[in-house]
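Reading the structure
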Amino acid sequence: MTLSLNDRAQELAARLVAEADAVRVTATTLPGGTRLIDCGSAVLGGLEAGRRFAEICMAGLGSVSFTPLVFEGRWLPGLTVVTDRPALACLASQYAGWRLDHDDYFAMASGPGRALIRAEELYDDLDVDERARTAVLCLETRDPPPEALADYVAERAGVTAADLTLLFAPTASLAGGVQVAARVVETALHKLHELEFDVERVVSGFGSCPLPPVSRTDPEAIGRTNDAVLYGGQVDLTVDAPDEELEALVPRLPASASRDHGEPFGRVLERAGWDFYAIDPLLFSPAEVRLTSVPSGRSFHAGGVDVGVLEASFRG
């Protein structure tokens, strides 16, 4: 892999800072030189801030656009995600796979900086040898990262603090809702990886997902954003694999393959004592998946949108 994920993300982050006022984000610099970009904590942020947050998270190897979605005659605002480098965009970069827990500061970290830190076994299965002088991480949190945290991340990434950019937004914000919904293709890729399928064989991904209403609290937002993907996310993957392999695989991919499927995610999480690891990991995937074989051109489909659960979740 010759693309520099972090260099690409750094360029997009610089464009976001240049238009900070227009998209209602703020950029500040810590004493050590780390740049912080607040997309929805102390600022209002917005849909465009979330869209750019998501594209930075994918290192610019995926594009996000807004679109209306219609399910059973019901109109919902939504988004689409497209990528022709799904393994790199969605897993090497976008996946929130690093539990950033240091000196009483905690956040789930995503973005291409993870490919420099390589704290996850996931990278053993990806063709990634990231080399960059800058690092970009995206944090789902309400709390601005302190300087000690920035220094720790920079050291782990092998860059100076001045060459580190940290974007952050809480789940209960417009930008936070967008960036989670934009993970719809990523959840399908991660499910494939969990099922021990070689994700490098996925040659393109297209997904759509409804945008959850902004929530009053982060716990409520966690429920709604997950429900948007689990019960409203639709993904089409083009895969270099034979028909028989895809036909056997596709029923295992949608969220409906999980024993925890069928009710709003907030209730599932509450029943699990707010412990994500007590929830069936097979739940975290789109509502509906289609796989198309490159060799044959045939498609295989499983799952479906559940409008009832979406409405129950989004009503609050």
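Let us look at the structure shown here. Because the structure is predicted, anything quoted here is derived from the model rather than measured.

As a further point, take a negative patch on the surface. A cluster of acidic side chains, namely E121, D124, D125, D127, E194, E196, D198 and E200, defines a negative patch on the protein surface. Secondary-structure assignment places D198 in the loop between α8 (184–194) and β9 (202–210).

This part is about the environment of W75. Structurally, W75 is set in strand β4 (residues 74–83). With a relative accessible area of 56%, W75 lands in the exposed category. Between the C-alpha atom of W75 and that of P210, which follows or precedes it by 135 residues, the distance is 9.5 Å. With residues near it in sequence (within four places) discarded, W75 still touches P68, L69 and V70.

Turning to its location among the elements, D38 is positioned in strand β2 (residues 35–38). For the pair formed by D38 and R267, sequence separation is 229 residues and the distance between their alpha carbons is 30 Å. Here D38 is in contact with V25, T26, V43 and F168, once residues within four sequence places are set aside. Among the polar contacts listed, one links the side chain of D38 to the backbone nitrogen of S41, at a separation of 2.7 Å. For D38, the side chain forms a polar contact with the main-chain nitrogen of A42, separated by 2.8 Å.

Now for the sheet that holds β9. The six strands are arranged β3-β4-β9-β10-β11-β12 in an open sheet whose pairing can be described as mixed. Among the strands making up the open sheet, the edge pair consists of β3 (62–71) and β12 (299–303). Between one strand axis and the next, the sheet turns through 15° on average, direction left out of account. Two elements, strand β11 (residues 288–293) and β12, share five bridges in a ladder whose sense is antiparallel. Within β12, the residue paired with T292 across the bridge is S299. Taken strand by strand, helix α9 (residues 218–232) contacts β3, β9 and β10 (234–239), and its axis lies near 115° from that of β9. On top of the sheet, helix α12 (residues 307–315) reaches β3, β4 and β9; it is set at about 105° to β4, its chief contact.

With ten bridges connecting them, β3 and β4 associate as antiparallel partners. Residue pairing in the sheet places L69 in a bridge with L76 of β4. Counted along the chain from β3 to the antiparallel partner β4, the turn is two residues long, and its residue E72 has a positive phi close to 50°. Relative to β9, β4 runs antiparallel, the two sharing six bridges. By the bridge assignment for β9, T83 is matched with G205.

Further remarks concern helix α3 (residues 47–57). Judged by how many residues are buried, α3 sits mostly within the fold: nine of eleven residues are covered. Where α3 is concerned, the buried positions are A49, G50, R51, R52, F53, A54, E55, I56 and C57. Looking one or two residues beyond α3, the residue adopting positive phi is A59, at roughly 60°.

Our next topic: the packing of aromatic side chains. Overall, the coordinates contain two aromatic pairs when judged by the stated rule. Taken together, a centroid distance of 6.4 Å and an interplanar angle of 25° make the contact between W98 and Y152 stacked. Taken as a pair, W98 in strand β5 (residues 98–102) and Y152 in helix α6 (residues 147–157) lie far apart in primary sequence, 54 residues in all. For Y152, a relative accessible area of 22% translates into the label partly exposed. Between F265 and F284 the ring centres are 5.7 Å apart and the planes differ by 70°, which places this aromatic pair in the edge-to-face class. Residue F265 is found in helix α11 (residues 265–271), and its partner F284 is found in the loop between α11 and β11; the two are separated by 19 residues along the sequence. The exposure class assigned to F265 is buried, which follows from its relative accessible area of 1%. Exposure remark for F284: the relative accessible area of 22% places this residue in the partly exposed category.

The rules behind these values
Residues numbered from 1 in each chain as written. Predicted model: local features only at pLDDT ≥ 70, side-chain atom pairs only at ≥ 80, totals over all residues. Heavy atoms only, no water. Patch = residues over 30% accessible without salt bridge, like charges linked within 9 Å, V, L, I, M, F, W, Y side chains within 5 Å. Areas by Shrake-Rupley, 256 points an atom, 1.4 Å probe, with all protein chains shown as cover. Salt bridge = Lys/Arg side-chain N within 4 Å of Asp/Glu carboxyl O. Lys, Arg positive; Asp, Glu negative; His and termini not counted. Charge placed at Lys NZ, Arg CZ, Asp CG, Glu CD. Helix = DSSP H or I, 4+ residues; strand = E, 2+ residues; numbered from the N terminus. Buried < 20%, exposed > 50% of the residue type's maximum accessible area, 1.4 Å probe, protein only. Contact = heavy atoms within 4.5 Å. Polar contact = N/O pair within 3.5 Å; in protein donor to acceptor, adjacent residues only side chain to side chain. Pairing = 2+ DSSP bridges. Axes fitted to C-alpha atoms, helices over the stretch in contact; angles between N-to-C directions. Phe/Tyr/Trp six-rings, centres within 6.5 Å; stacked < 30°, edge-to-face > 60°.

Remember, this is a structural readout, not a statement about activity or role.
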